[in-house]
Amino acid sequence: MLIEWKDKYRTGIAEVDHEHQELVALINTLHEETKKSGSSDVEGFFGDLLAAISSHFALEERAMREARYSELGAHKQDHERLLDDLRDIMDSDAGSEADARSEALGSALDAWFSVHFATFDARLHAMPTARR
C-alpha cells in the first residue's frame with residue numbers, strides 16, 4: 001500500500017470524501033499493478049488515474065464555486081500543479097521501467113495528497129457548507 005487513508009483527510013462533504021477514498025484506492029491499485037504488469041499496462045493505469053483525478057477536481061471545484069469559497073483560486077492552482085506534475089511524469093518517463101515510473105508517481109502523489117489534504121482540504125472542511 002502506497003497511501004493509507006486517514007480520517008484526517010475527510011472534508012465533511014460526503015461525495016468529495018468518497019471520491020478521495022476512491023482516488024487513494026486507485027493510487028494503491030496502480031502501485032501494486034505496475035509492480036507485476038508490463039509497461040503497456042502502465043500507460044492505461046496512468047491514463048485512468050489522470051482522468052479520475054481530473055474528474056474529482058472538477059467536482060470539488062464545482063462545490064467550492066457553489067459555496068462561493070473564497071480560496072477557490074489557490075485551491076484550483078494546487079490542483080493544476082498536481083495535474084502538471086503527473087503529465088510531466090507520464091511524458092518524461094515514457095518507456096521507463098514500470099517499477100521506476102510507479103515509484104516516481106507514487107512519491108509525487110503521496111507527497112502531494114498528504115500536504116493538500118492537510119492544508120487546502122482542511123480549509124475546505126472548515127467552510128460552513130462543508131458541515132453537512
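Remember, predicted model here, so these are calculated numbers, not experimental data.

Conventions we followed
- Residues numbered from 1 in each chain as written.
- Predicted model: local features only at pLDDT ≥ 70, side-chain atom pairs only at ≥ 80, totals over all residues.
- Heavy atoms only, no water.
- Salt bridge = Lys/Arg side-chain N within 4 Å of Asp/Glu carboxyl O.
- Helix = DSSP H or I, 4+ residues; strand = E, 2+ residues; numbered from the N terminus.
- Buried < 20%, exposed > 50% of the residue type's maximum accessible area, 1.4 Å probe, protein only.
- Phe/Tyr/Trp six-rings, centres within 6.5 Å; stacked < 30°, edge-to-face > 60°.

**Re the pattern of salt bridges**
Moving on, step 1. Here the structure, examined in full by the defined rule, presents six salt bridges.
Moving on, step 2. For arginine 62, the salt bridge goes to glutamate 66, with nearest N and O atoms at 3.4 Å. Remark: glutamate 66 and arginine 62 occur in helix 2 (residues 39–66); sequence separation between them is four residues, near one turn of the helix.
Moving on, step 3. Among the salt bridges present, the one from glutamate 80 reaches lysine 76, with a minimum N-O distance of 4.0 Å. With glutamate 80 and lysine 76 both in helix 3 (residues 72–92) and four residues apart, this pair spans about one turn of that helix.
Moving on, step 4. Given a relative accessible area of 34%, lysine 76 falls into the partly exposed group.
Moving on, step 5. By sharing partners, the salt bridges in this structure join Glu61, Lys76 and Glu80 into a single network.

**Considering the packing of aromatic side chains**
Moving on, step 1. This structure, assessed with the given rule, holds one aromatic pair.
Moving on, step 2. With a centroid separation of 5.6 Å and 50 degrees between ring planes, the pair formed by phenylalanine 57 and tryptophan 112 is classed as tilted. Separated by 55 residues along the polypeptide, phenylalanine 57 in helix 2 and tryptophan 112 in helix 4 (residues 98–118) bring together distant segments of the chain. Across this residue pair, the class does not change: phenylalanine 57 and tryptophan 112 are buried.

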